[in-house]
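# Summary of the model geometry
The primary structure of each chain is shown beneath.
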Amino acid sequence: IASLNQQIIRQMRMRAGAENLLRATSNNKVCDMVVLELSYINSNLQLLMEQLEGLNSSVEVYQNIQETSSIPLIPLGLKETKEMDFSVSFKDFILEHYSEDGSSFEEEIADLMDLRQACRTPSRNDAGIEILAKYFSHIPLLESRFFSATRQMGIFFTWYDSFTGVPVCQQNVSLEKASILFNIGALYTQIGTRCNRQTGAGLQDAITAFQKAAGVLHHLKETFTHTPSYDMSPSMLSMLIKMMLAQAQECLFEKIALSGIRNEFFSLLKMAHEAAKVGDTYDQVHQSMSQTPIKDNVPFFWSTMAQVKTHHYRSLAHYFLATALLDHQLRPSDDEDQQEKALSQAYDAMPDGRSPLDILRKIEERRQIGKAHLRRAVIGHEEGLRIHSLCRHLRKLDVLQAILQASHNRSLAKFNDNNREDEFTDYLEAPDIISKTEHKAEMETPMSTKVKVTDFFRRLGPLSVFSAKQRWTAPRTVRLRLEDRDLGFTLRGDPVPVQVTSLDPLCPAAVDGLKEGDYIVAVGDADCKWMVVSDVMRLLKDVDEDGIDIRVVSLMDSGLPMVRSALCATYCGGISKTYSMICLAFDDDKSPKGRKVTKKGSFLSWGVKNHLKSSSTLSLPTADYSGTLPWNKPCPTFPSSSPYNDSALY
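Only a predicted model underlies this, so the values are computations on that prediction, with no experimental measurement involved. (Residues numbered from 1 in each chain as written. Predicted model: local features only at pLDDT ≥ 70, side-chain atom pairs only at ≥ 80, totals over all residues. Heavy atoms only, no water.)

## Quick word on the overall build of the protein
Quick note on the threshold: Elements are defined by DSSP. Helices are runs of H or I of four residues or more, strands are runs of E of two residues or more, and each kind is numbered from the N terminus. Exposure is judged per residue with a 1.4 Å probe applied to protein chains only, and the accessible area is read against the type maximum: over 50% gives exposed, under 20% gives buried, and values in between give partly exposed.
Within the protein, the secondary structure is distributed over 18 helices and 14 strands. Out of the 650 residues belonging to the protein, those deemed buried represent 50%.

## Topic: helix H9 (residues 265-289)
Spelled out, the test is: Here, expected helix span is obtained from the residue count minus one, scaled by 1.5 Å. Distance and chemistry together define a polar contact, namely a pair of N or O atoms within 3.5 Å, with one atom able to donate a hydrogen and the other to accept it when in protein, and with adjacent residues in sequence counting only for side-chain atoms on both sides.
Its 25 residues give H9 an end-to-end C-alpha distance of 36 Å, which sits within 8% of 36 Å, the value for a rise of 1.5 Å per residue. A large share of H9 lies buried, amounting to 20 of its 25 residues. Regarding H9, its N-cap is Glu264, as a side-chain oxygen of that residue lies 3.3 Å from the backbone nitrogen of Phe266 further along.

## Here we look at the nonpolar core
Just so we agree on the cut-off: Buried residues of nine kinds, namely Ala, Val, Leu, Ile, Met, Phe, Trp, Tyr and Cys, make up a nonpolar core once their side-chain atoms join them within 4.5 Å. Residues count as neighbours in contact if any of their non-hydrogen atoms are within 4.5 Å of one another.
If you look at the biggest cluster of nonpolar residues, it comprises 130 residues, and the most contacted ones within it are Phe90, Phe146, Leu240, Trp302 and Phe457. For this core, the leading source of residues is helix H10 (residues 300-327), giving 15 residues. What Phe457 contacts, discounting residues up to four positions off in sequence, is Phe90, Ile94, Phe105, Glu108, Ile109, Leu112, Leu142, Arg145 and Phe146. Among the nonpolar cores identified, the runner-up in size contains 20 residues, and Phe489, Leu491, Cys528 and Val552 belong to it.

## What to know about the pairing of strand E9 (residues 548-553)
Definition in use: Any two strands with at least two DSSP-identified bridges between them are counted as paired.
Across five bridges, the pairing between strand E4 (residues 476-480) and E9 is antiparallel. Opposite Arg479, over in E9, you have Asp549 as the bridge partner. Pairing analysis gives four bridges linking strand E7 (residues 519-523) to E9, with the strands arranged antiparallel. Bridging from a neighbouring strand, Ala522 pairs with Arg551 of E9.

## Here we look at a negative patch on the surface
Let me state the cut-off plainly: For patch detection, residues must exceed 30% relative accessible area and be free of salt bridges, and they are connected within 9 Å for like charges or within 5 Å for nonpolar side chains (Val, Leu, Ile, Met, Phe, Trp, Tyr). Exposure was quantified through the Shrake-Rupley algorithm and a 1.4 Å probe, taking into account, for residues, occlusion by the shown protein chains and nothing else. Salt bridge criterion: a side-chain nitrogen from Lys or Arg within 4 Å of a carboxyl oxygen from Asp or Glu. Charge assignment: positive for Lys and Arg, negative for Asp and Glu; neither His nor the chain ends contribute. By convention, charge coordinates are those of NZ in Lys, CZ in Arg, CG in Asp, or CD in Glu.
Together, Glu483, Asp484, Asp486 and Asp504 make up a negatively charged patch on the protein surface. Of note, Asp484 is situated in the loop between E4 and strand E5 (490-492). Judged by relative accessible area, Asp484 falls into the exposed class, the value being 76%.

## Some thoughts on the state of the cysteines
Stated precisely, the cut-off is as follows: In what follows, a disulfide is any cysteine sulfur pair within 2.5 Å.
Evaluated as defined, the whole model comprises zero disulfides. As a non-bridged cysteine, Cys195 has Cys251 as the owner of its nearest cysteine sulfur, 8.0 Å distant. Judged by its relative accessible area of 11%, Cys195 falls in the buried class.

## A few points about the side chain of Arg476
Mapping Arg476 onto the fold places it in strand E4. Separated by 3.1 Å, the side chains of Arg476 and Thr473 make a polar contact. At a separation of 2.9 Å, a polar atom in the side chain of Arg476 contacts the side chain of Ser554.

## With respect to the packing of helix H4 (residues 106-120) against helix H5 (residues 126-146)
Here is the rule: Fitted lines through C-alpha atoms give the axes, limited to the stretch in contact for helices. The angle between two N-to-C directions lies from 0 to 180 degrees. Orientation is classified from the angle alone, with under 35 degrees giving roughly parallel, over 145 giving roughly antiparallel, 65 to 115 giving roughly perpendicular, and any other angle giving oblique. It is the rotation of the near helix from the far one that decides the hand of a crossing: anticlockwise by less than a right angle makes it left-handed, clockwise makes it right-handed. Residues are grouped as follows: Ala, Val, Leu, Ile, Met, Phe, Trp, Tyr, Cys and Pro are nonpolar; Asp, Glu, Lys and Arg are charged; every other residue, Gly included, is polar.
At their nearest, the axes of H4 and H5 sit 9 Å apart, and the two run at 135° to each other. Between H4 and H5, the interaxial angle falls into the category oblique. The handedness of the crossing between H4 and H5 comes out as left-handed. Contact residues: H4 offers Leu112, Leu115, Arg116, Ala118 and Cys119, while H5 offers Ile131, Leu132, Lys134, Tyr135, His138 and Leu142. The residue makeup of the contact of H4 with H5, split by class, is eight nonpolar, one polar and two charged.

## A look at the environment of Ser464
Within the element layout of this structure, Ser464 appears in the loop between helix H15 (398-417) and strand E3 (471-472). Using a relative accessible area of 46% as the deciding quantity, one classes Ser464 as partly exposed. For the pair Ser464 and Pro497, spaced 33 residues apart in sequence, the C-alpha to C-alpha distance is 9.1 Å. Contact partners of Ser464, with chain neighbours within four places excluded, come to Gln470 and Val496.

## As for the packing of aromatic side chains
Aromatic rings in a pair are described by how distant their centres are and how their planes are angled relative to each other. Quick reminder of the rule: Whether two aromatic rings pair depends on their centres lying within 6.5 Å, for rings of Phe, Tyr and Trp, where Trp uses its six-membered ring; planes under 30 degrees apart make the pair stacked, over 60 edge-to-face, and the rest tilted. Whether a charge sits over a ring depends on NZ of Lys or CZ of Arg being within 6 Å of the ring centre and within 35 degrees of the ring normal.
In total, this model carries 14 aromatic pairs according to the counting rule given. Ring centres of Phe466 and Trp472 lie 5.2 Å apart, and the angle between their planes is 80°; on these two criteria the pair is classed as edge-to-face. The class for Trp472 is buried, based on a relative accessible area of 9%. One aromatic cluster in this structure is built from Phe86, Phe90, Phe93, Tyr98, Phe105, Phe146, Phe457, Phe466 and Trp472. In this structure, Arg458 packs its charged tip against the face of Trp530, placed 3.9 Å from the ring centre. It is Arg459 that lies over the ring of Phe105; its NZ or CZ is 4.1 Å from the centre.

## A look at the environment of Phe415
Tracing the sequence through the fold places Phe415 in helix H15. Once residues lying within four places of it in the same chain are set aside, the contact partners of Phe415 are Lys371, Leu374 and Arg375.

## A word on the confidence of the model for the protein
Detailed reading of the predicted model is not advised wherever pLDDT is low. Heads up, the rule is: What pLDDT reports is the predictor's confidence in each residue, on a scale of 0 through 100.
The predicted model of the protein has a mean per-residue pLDDT of 80, with 80% of residues at 70 or higher. Contacts of residues 559-650 to residues separated by more than four positions or lying in other chains number 141 contacts, the stretch itself having pLDDT below 50.

## Comments concerning the packing of H9 against H10
Packing of H9 against H10 leaves a shortest axis separation of 7 Å and a crossing angle of 160°. With respect to H10, the axis of H9 lies roughly antiparallel. Handedness of the H9/H10 crossing: left-handed. Residues of the contact of H9 with H10, tallied by class, amount to 19 nonpolar, six polar and four charged.

## Points about the side chain of Asp518
The residue Asp518 is located in the loop between helix H16 (508-511) and E7 in this model. By relative accessible area, which is 1% here, Asp518 ends up buried. In this structure Asp518 touches Arg476, Val498, Gln499, Val500, Gly513, Val552, Val553 and Ser554, once residues within four positions along its chain are discounted.

## A few points about the pattern of salt bridges
What the rule picks out here adds up to 24 salt bridges. Arg479 serves as the salt-bridge partner of Asp549, at 3.0 Å between the closest nitrogen and oxygen. You can see Asp549 sitting in strand E9 and its partner Arg479 sitting in strand E4, a full 70 residues away along the chain. Given the relative accessible area of 23%, Arg479 is considered partly exposed. For the salt bridge of Arg538 with Asp535, the shortest nitrogen-to-oxygen distance reads 2.9 Å. Remark: Asp535 and Arg538 occur in helix H17 (residues 533-540); sequence separation between them is three residues, near one turn of the helix. Under the relative-accessibility criterion, Arg538 is labelled partly exposed at 48%. In the salt-bridge network here, residues are joined through shared partners; they are Glu100, Asp527 and Lys529.

## Details of unusual backbone geometry
With an omega dihedral of 5°, the bond running from Thr292 to Pro293 counts as a cis peptide bond. Assignment of secondary structure puts Pro293 in the loop between H9 and H10. Of note, the phi angle at Ser99 is positive, near 55°, even though the residue is not glycine. Considering the arrangement of structural elements, one finds Ser99 in the loop between helix H3 (87-98) and H4. Notably, Ser502 is not glycine yet its phi reads approximately 50°, a positive angle. Structurally, the position occupied by Ser502 is in the loop between strand E6 (499-501) and H16.

Right under this line is the structure:
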């Protein structure tokens with residue numbers, strides 16, 4: 001599939017170039033050559049699409065190898081993606097935004113890339129689901145750490161449509177999240193098709209897998225409403241959900257029939273309702289597949305299989321009801337009222353206006369209505385075989401053809417057994433059988449999509465503060481010294497990190513640059529981003545006369561752009577009035593209670609000669625991205641005729 005996707009994208013690029021040349025040139029000879037080239041390209045694209053459809057139709061490789069008598073189920077193929085390298089972008093961002101050495105996070109970045117690489121080829125079992133779910137749980141953490149609405153990382157996520165092979169390339173991390181969620185649902189379908197449906201445990205595993213697949217796809221549909229890839233569009237996801245629930249309902253029917261169907265009136269009526277339910281669910285799937293534009297992208301194999309199963313299970317329903325009427329006459333020991341009630345609930349309207357009790361009591365009535373159901377069963381099986389023969393991929397499934405043919409032969413044999421040579425009367429038309437079930441397939445949201453993981457980049461600090469959307473000054477060193485056995489401030493640390501509060505503006509720490517609301521990120525050589533107040537106080541309690549160095553950061557207004565001062569050696573945070581603590585003058589003649597703080601001008605007005613004094617309160621040099629870099633330009637995407645390939649759709 002990956003090779004096909006690469007060939008498709010190459011042909012699409014060639015087609016886009018030819019179309020651009022056709023619009024740009026006015027030379028008739030060149031136009032003729034371009035039109036000819038376009039016809040070749042479109043032919044190649046059509047062949048590649050057919051090969052991709054063939055791969056999506058190859059259900060044999062996903063079936064359980066031990067099964068020889070079960071109708072094949074349809075798995076959903078995984079979305080393909082390109083290998084990605086986060087190292088350069090993440091290291092640069094860590095250095096610039098977090099003021100940390102990016103090379104010290106090489107191991108974490110490598111672990112992240114290994115995890116994503118493993119997600120490209122997950123195993124078809126619970127371990128594969130766990131790998132995908134683990135990466136899916138890491139993506140929101142990565143988004144908070146590295147992806148900001150005001151800045152592009154330069155990382156392009158490329159995913160291929162699982163039906164058309166058309167690539168979607170975006171910088172939006174939402175594409176990554178949606179695609180991984182889609183693959184979790186697809187992997188559940190592949191697990192379901194590989195279950196051994198000849199055992200009760202295997203059937204239950206298949207039912208659970210398809211119900212979880214439906215739940216994941218429903219979550220994707222409700223959470224990501226404007227996905228740019230067509231295989232994740234609301235209409236396509238709605239169809240896929242119906243198909244997964246139909247396959248779960250089919251497995252429920254097989255589970256009921258696994259131990260054998262008793263040749264008894266009520267048991268046969270129950271199986272007729274169950275079979276009719278499976279047929280109706282597949283009919284809804286086929287109707288959904290027949291809608292535009294789904295029918296243009298769904299493999300012909302899928303829609304044909306849905307039609308075949310619709311006819312097959314509805315025919316089974318007619319066969320079971322016919323058997324109940326033909327093989328079981330009303331006896332004196334039977335509960336007449338219960339049989340009458342059961343038969344009346346089999347139809348919306350009784351055949352030819354007859355009453356249920358008359359049908360049960362009169363042998364000839366039972367025989368005629370039973371034959372009418374058998375006739376519909378035979379016709380339905382013949383129609384299923386006819387549709388089966390139209391699809392070359394279905395014709396390759398010997399098991400399916402054998403099951404359809406055996407079911408047809410059984411219905412035809414029973415019809416012939418109850419047919420009379422001298423019977424020339426008009427046949428009745430058997431009504432439709434009401435579809436109902438005691439075990440309806442329901443969507444199930446798997447807990448595996450909510451895996452608890454440890455942040456790869458936990459060392460950067462708590463996400464509540466140290467995230468991509470927050471901005472703060474560069475870490476600066478402040479010397480703490482005791483004054484009358486008091487540091488001059490208190491600490492608050494719920495939640496972490498510890499924050500400076502109630503700062504005395506005349507204490508040595510304030511004079512050295514400490515500010516109200518600063519976060520303490522290190523005490524001495526000890527990193528304390530994740531420490532609580534008691535842990536930090538333990539580090540500070542033994543401060544001697546020489547004092548101890550702490551490193552602090554100050555949060556800045558993240559809503560304002562970074563601007564550069566022509567007079568200062570560094571940049572400010574874009575705040576209209578930013579005062580350094582060492583630019584505060586105090587009236588020494590007054591008592592501490594009456595001390596007045598007099599504001600001096602912003603350090604923007606201080607010359608270069610003062611930048612050494614106030615350097616501890618200034619942020620790292622940070623460029624103004626608002627006007628120098630083209631972040632507002634639309635991200636480049638591969639040429640595509642799909643209307644969903646738009647980065648603004650998220």
